[in-house]
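Listed below, chain by chain, are the residues.
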Amino acid sequence: MKPSALDLAEAAVAGNRRALAQLLTLIENNAERAAPAMSRLYSHTGRAHIIGITGAPGTGKSTLVAAMAQAWRAEGKTVGIIAVDPTSPFTGGAILGDRIRMRDLSGDEGVFIRSMATRGALGGLAAVTLDQARALDAAGFDKVLIETVGAGQNEVAVARLAQTTLVVEAPGLGDEVQAIKAGILEIADVLVVNKADRPGATQTVRALRTMIETGHPALKTRWMHHGQMIGVDDRYPLEDQDVALWIPPIVETVAADGKGVDLLVSKIEEHRNYLETAGLRAPLERAHLEVELMNRLEARLLKRLLERLPEGVLSEMVTSVQQRTRTPEQAIEALLSQAEVLAVES
Ligand SMILES: Nc1nc2c(ncn2[C@@H]2O[C@H](COP(=O)(O)OP(=O)(O)OP(=O)(O)O)[C@@H](O)[C@H]2O)c(=O)[nH]1
Ligand SMILES: [Mg+2]
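Residues numbered from 1 in each chain as written. Chains lettered and ligands numbered in written order. Predicted model: local features only at pLDDT ≥ 70, side-chain atom pairs only at ≥ 80, totals over all residues.

Caption draft 1: Region of interest: the overall build of the protein chain. When you go through the protein chain residue by residue, the secondary structure sums to 14 helices and 9 strands. Counting every position in the protein chain, which comprises 346 residues, the buried fraction comes to 40%. In the protein chain, of all internal contacts separated by at least 6 residues, the share reaching a separation of at least 24 is 74%. (Helix = DSSP H or I, 4+ residues; strand = E, 2+ residues; numbered from the N terminus. Buried ≥ 20, exposed ≤ 12 C-beta atoms within 10 Å, placed from the backbone. Contact = placed C-beta atoms within 7 Å.)

Given below as structure tokens:
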């Protein structure tokens, strides 16, 4: 007999890895069926250190994740990994970039790896990934790593909702620092220049350092507040409060052979301690939860609305906008009244 979602949650929390794997699949495939499981395990969450890893394709994120996992394992910490991989489908391809390194991890009960293909679902990716991270948290993993390619907004949003966010750079991917192009530099708590064995690493570090020191526009909005550099932005929501500033450290690594990884891991710990001692942990979580609830609400409302629309109406509206008989706003008004959302409240 197929175990119920509730059974899976019970077993996963109790340490059953097979149940955990099934639960993660359920979360990915059927949010509705997974809902009771989430209710069951939610009170067990909030303990793990959730770490987002993002950066341009091929910068070595997966290799780095594996190397970090090994470093934490050496300290006796357990590690859960979610890799959001837009390229390879769930079943095929390499689970994580460096197979050899991952083989070192396989068979270790203290490590759990899940690879997930990106789904197009609106607002879905973040919700699924966060729930999966919660399942790993509830299952008792000390560190939960979420790897996403810093390419799409959805993926970046996921990494951003972590407690500590790493942005991974690599030299030789082009003249400019990749994260600037992708606009993800501002979400970094720790900047990693991986592939430090490659030529150009020093220049990449220098470029990043200059940007941090002179205040890249994105960094400026984060730090400049009443002319003072203090850690205030939507992730550090402490209005007008004097808090110690966290300046993202830049760490050079060679993930492929583990060089610099211990330092990286210690910087990640430092960031967590910083959040704790600066009293930022709870406000940061609150800010993240607010974003998450808004996203979930948006997705739900849209889904409901689309379900209520009579067949073909959306297409009709597009036609009318194209034929200039309605403005886009007028089309929206018409859609809303067709879906009778104004009557939904009753
Ligand atoms: N020279 C060198 N190569 C590395 C290093 N780290 C990773 N690589 C190699 O770079 C390639 C990409 O590594 P991945 O770990 O798959 O990179 P990724 O960022 O996870 O890639 P995507 O998930 O596809 O965006 C692999 O061939 C790795 O072996 C490094 O420190 N130095
Ligand atoms: Mg990868």
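Having seen the model, we can carry on.
Caption draft 2: Local environment of helix α4 (residues 61–74). When the terminal C-alpha atoms of α4 are compared, their 20 Å separation across 14 residues agrees well with the 20 Å that a helix rising 1.5 Å per residue should span. Here α4 lies mainly inside the structure; 11 of its 14 residues are buried. Here α4 has its buried residues at K61, S62, T63, L64, V65, A66, A67, M68, A69, A71 and W72. G76 sits one or two positions beyond α4 and adopts a positive phi of about 85 degrees. (Expected span 1.5 Å × (residues − 1).)

Caption draft 3: A look at the packing of helix α1 (residues 5–13) against helix α2 (residues 17–29). Where α1 meets α2, the axes come as close as 8 Å, and the angle between the chain directions of the two elements is 135 degrees. Judged by the angle between their axes, α1 and α2 are oblique. Helix-helix and strand crossings are classified by hand; for α1 and α2 the assignment is left-handed. Listed contacts from α2 to A5, L8, A9, A11 and A12 of α1 are A19, L20, Q22, L23 and L26. When grouped by side-chain class, the residues that make up the contact of α1 with α2 number 9 nonpolar, 1 polar and no charged. (Axes fitted to C-alpha atoms, helices over the stretch in contact; angles between N-to-C directions. Parallel < 35°, antiparallel > 145°, perpendicular 65-115°, else oblique. Left-handed = near helix turned anticlockwise from the far one by under 90°. Nonpolar A, V, L, I, M, F, W, Y, C, P; charged D, E, K, R; others polar.)

Caption draft 4: Structural view of unusual backbone geometry. Even without glycine at this site, K195 takes up a positive phi of about 60 degrees. Residue placement: K195 occurs in the loop between β6 (190–193) and α9 (201–214). Taking the C-beta count within 10 Å as the criterion, K195 has 26 such neighbours and is therefore assigned buried. Within the chain, R324 stands out as a residue other than glycine whose phi angle is a positive 65 degrees. Of note, R324 is situated in the loop between α13 (313–322) and α14 (328–338).

Caption draft 5: Looking closely at the pairing of strand β4 (residues 143–149). In terms of residue burial, β4 counts as a mostly covered element, since 7 of its 7 residues are buried. On β4, burial covers both faces: K143, L145, E147 and V149 on one face and V144, I146 and T148 on the other are all buried. Across 7 bridges, the pairing between strand β1 (residues 49–55) and β4 is parallel. What sits directly across from G52, in β4, is I146. Note: strand β2 (residues 79–85) against β4, 6 bridges, orientation parallel. Bridging across to β4, I81 finds its partner in L145. (Pairing = 2+ DSSP bridges.)

Caption draft 6: The nonpolar core, seen in detail. A12, L23, M68, A135 and I146 are the most contacted members of the largest nonpolar core, which totals 75 residues. Two domains each put at least three residues into this core: domain 1 (1–39) and domain 2 (45–297). Sequence-distant contacts of A135, that is, excluding residues within four places in its chain, are made with A12, L20, L23, L24, I27 and L41. (Core = buried A, V, L, I, M, F, W, Y, C linked by C-beta atoms within 7 Å. Domains from an automatic or database assignment.)

Caption draft 7: Representation of the environment of G260 in the model. Locating G260 in the fold gives a position in the loop between β9 (250–252) and α11 (261–277). For G260, a count of 19 C-beta atoms within 10 Å corresponds to the partly exposed category. With 193 residues separating them in the primary sequence, G260 and A67 have C-alpha atoms 10.0 Å apart. Contact partners of G260, with chain neighbours within four places excluded, come to A196, V251, E252, T253 and V254.

Caption draft 8: Spotlight on the sheet that holds strand β3 (residues 111–117). Pairing in this open sheet of 7 strands is parallel, and the strands run β3-β2-β4-β1-β5-β6-β9 from one edge to the other. The open sheet has two edge strands, β3 and β9, and neither has a second partner. Ignoring strand direction, the axes of neighbouring strands in this sheet form an average angle of 20 degrees. Looking at chain direction, β2 and β3 are connected through 7 bridges and run parallel.

Caption draft 9: Looking closely at the confidence of the model for the protein chain. Here the protein chain averages 83 in pLDDT, and 77% of its residues register 70 or above. Low pLDDT (under 50) marks residues 88–100, which in the prediction has 24 contacts with non-local residues, meaning those over four places away or in another chain. Confidence drops under pLDDT 50 across residues 220–241; counting only partners more than four residues distant or on other chains, this segment forms 30 contacts. (pLDDT = per-residue confidence, 0-100.)

Caption draft 10: Inspection of α9 at higher detail. If you check α9, its first and last C-alpha atoms are 20 Å apart, about what 14 residues at 1.5 Å a residue would give, namely 20 Å. Listed as buried for α9 are A201, T204 and L208. End-on, the buried residues of α9 take up no more than an arc of 65 degrees, which puts them together on one face. Among the exposed residues of α9, those pointing more than 90 degrees away from its buried face are T202, R206, R209, T210, E213 and T214. Turning to α9, the residues buried within the fold contact β5 (164–169), β6 and β9. (Arc of directions from axis to C-beta.)

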